[in-house]
Amino acid sequence: MFSPAPHRRSFRRSTMLLLAVSLYPQAQTPAVDRFAMNQVQVIGSHNSYKRAIEPALWKALRTDDAHKFESLEYAHSSFAEQLNLGLRILELDVVYDPKGGMFSNPLGLAMAGNTGAADSAAYDPAKEMLKPGFKVLHVPDIDFRTNAYTFRDALRQLRVWSDAHPAHLPIAITMNAKDTGADIPNAVRPLPFDAAAFDAWDAEIREVLPAAKLLTPDDVRADFPTLDAAVRSHAWPTLAKSRRNAVSK
């Protein structure tokens, strides 16, 4: 189980440790199984969901300021393609949208000259951004192209890949609770992450991923009095133990 309310502050600060979602294999070789979770070194990507800013919007942003947005000029392939290449750490930026629609009409569409209903439909053809729930994007209004509109869909894509590759190593998903918007006039200001937001976030994870696909803080804490004590004692579970725990839940 994820840590309850007393650990919420650490839950937010330590994203790799306390918001790590691991998708477990069904089988591993004994040589790999003996290693603890913190003894496995893998490669990963940052803002793993990110698609490129469309050329017209990119031109508009650079016209306003030639250097301000340079750090946004990159993109990633799909989650499946990254995992097929061997990446085992992915990162998601998550915004809170409990009523839906906060990020459905980004200013960048108008900045790029896309102002009609057809252009909005091309951005979000299935109207995913209108649905209540968490969304995945980099910078609201200007860097909003994503390989997973919703957090649920991101988890679903990861679960599909995991189910299709039962012998894979654990995948750590680091997640960032984003509550800042773009530094441009009239930009959307994301909602803060309060206790209700974190509870809803936790619920979405559990609705999409079964317990057998999760490594939670309590799994790492085991018999130690606190999670901090377990980590300081280097008591991370082995790959084999993690998998057995998952199967038994």
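In the block above lies the structure referred to throughout.
Here's what I pulled together on the structure shown here. (Residues numbered from 1 in each chain as written. Predicted model: local features only at pLDDT ≥ 70, side-chain atom pairs only at ≥ 80, totals over all residues. Heavy atoms only, no water.)

### Focus on the nonpolar core
To keep it simple, the criterion reads: The nonpolar core is taken to be a set of buried Ala, Val, Leu, Ile, Met, Phe, Trp, Tyr and Cys residues, with the residues joined through side-chain atoms within 4.5 Å. Exposure categories follow from relative accessible area, calculated using a 1.4 Å probe and restricted to protein chains: below 20% of the type maximum is buried, above 50% is exposed, and the middle band is partly exposed. Secondary structure elements are defined from DSSP: runs of H or I of at least 4 residues count as helices, runs of E of at least 2 residues count as strands, and each element is numbered from the N terminus. Only heavy atoms enter the contact rule, under which two residues are in contact if any of them lie within 4.5 Å.
Formed by 27 residues in total, the largest nonpolar core has its most connected members in Phe79, Leu92, Phe151, Phe193 and Trp201. Among the elements of the structure, helix H5 (79-84), strand S1 (89-95), helix H8 (151-164), strand S3 (172-177) and helix H9 (195-208) are those that each provide at least two residues to this core. Ignoring anything within four residues of it in the chain, the contact list for Leu92 reads Tyr49, Phe79, Val136, Phe151, Ala154, Ile173, Thr174, Met175 and Asn176.

### Examining the pattern of salt bridges
Side chains that differ in sign of charge can pair as their charged atoms come close. Under the convention used in this document: Within this document, salt bridges are pairs made up of a side-chain nitrogen of Lys or Arg and a carboxyl oxygen of Asp or Glu, the two lying within 4 Å of each other.
One pass over the structure, following the stated rule, counts 15 salt bridges. Residue Arg62 pairs with Glu70 through a salt bridge whose shortest N-O separation is 4.0 Å. Residue class for Arg62 comes out partly exposed when judged on its relative accessible area of 32%. Note on Glu70: relative accessible area 39%, which makes it partly exposed. Residue Asp163 is joined to Arg159 by a salt bridge in which the shortest nitrogen-to-oxygen separation is 3.7 Å. In this pair, Asp163 and Arg159 are both assigned in helix H8, four residues apart and thus about one turn of the helix distant. By relative accessible area, Asp163 is classed as partly exposed at 46%. In this structure Arg159 comes out as partly exposed when scored by relative accessible area, which is 32%. Here the residues in one salt-bridge network are Arg152, Glu204 and Glu207, joined through shared partners.

### Observations concerning unusual backbone geometry
In this model, Asp141 sits at a positive phi of 80°, which is unusual for a non-glycine residue. With respect to the helices, strands and loops of the structure, Asp141 is situated in the loop between strand S2 (135-136) and H8.

### Focus on the pairing of S3
As a reminder of what qualifies: By definition, two strands form a pair when at least two bridges between them are found by DSSP.
In terms of burial, S3 is largely enclosed, as five of its six residues are buried. With six bridges connecting them, S1 and S3 associate as parallel partners. From the neighbouring strand, Glu91 faces S3, where its bridge partner is Thr174.

### Here's the deal with H8
Inclusion rule: Any helix carries an expected span of 1.5 Å times its number of residues minus one. The reported arc concerns the directions from the helix axis to the C-beta atoms and nothing else.
In this model, H8 (14 residues) spans 20 Å end to end at C-alpha, consistent with the 20 Å of a helix rising 1.5 Å per residue. Of the residues making up H8, those classed as buried are Phe151, Ala154, Leu155, Gln157, Leu158, Trp161 and Ser162. One face of H8 carries all of its buried residues, which in axial projection span an arc of 155°. The inward-facing, buried residues of H8 contact H5, S1, S2, S3 and H9.

### Considerations on the packing of aromatic side chains
Operational definition: The criterion for an aromatic pair is that two Phe, Tyr or Trp rings (for Trp, the six-membered ring) have centres within 6.5 Å, with stacked assigned to planes under 30 degrees apart, edge-to-face to planes over 60 apart and tilted to the rest.
What the rule picks out here adds up to ten aromatic pairs. Judged by centre distance (5.7 Å) and plane angle (50°), the rings of Phe193 and Phe198 are tilted. With relative accessibility at 6%, the residue Phe193 sits in the buried group. Ring geometry for Phe193 versus Trp201: centroids 5.3 Å apart, planes at 55°, classification tilted.

### Some words on the side chain of Asp141
Heads up, the condition is: Charge counting follows a simple rule: Lys and Arg are positive, Asp and Glu are negative, and His as well as the terminal groups are ignored. What qualifies as a polar contact is a pair of N or O atoms within 3.5 Å, subject to a donor-acceptor requirement within protein and to the restriction that residues adjacent in sequence count only when both atoms come from side chains.
Arg189 provides the closest opposite charge to the buried, unpaired Asp141, separated from it by 6.9 Å. A polar atom in the side chain of Asp141 sits 2.7 Å from the backbone nitrogen of Val188.

### Comments concerning the sheet that holds S3
Test applied: To get an axis, fit a line to the C-alpha atoms, keeping to the stretch in contact for a helix; angles then go from 0 to 180 degrees between the N-to-C directions.
In spatial order, the strands read S2-S1-S3; together these three strands make up an open sheet with mixed pairing. The strands lining the two open edges of the sheet, one partner per strand, are S2 and S3. Relative to S2, S1 runs antiparallel, the two being bridged by two bridges. Across the sheet, residue Val95 finds its bridge partner in S2, namely Lys135. Set on the sheet, H8 makes contact with S1, S2 and S3; between it and S1 the angle comes to about 160°.

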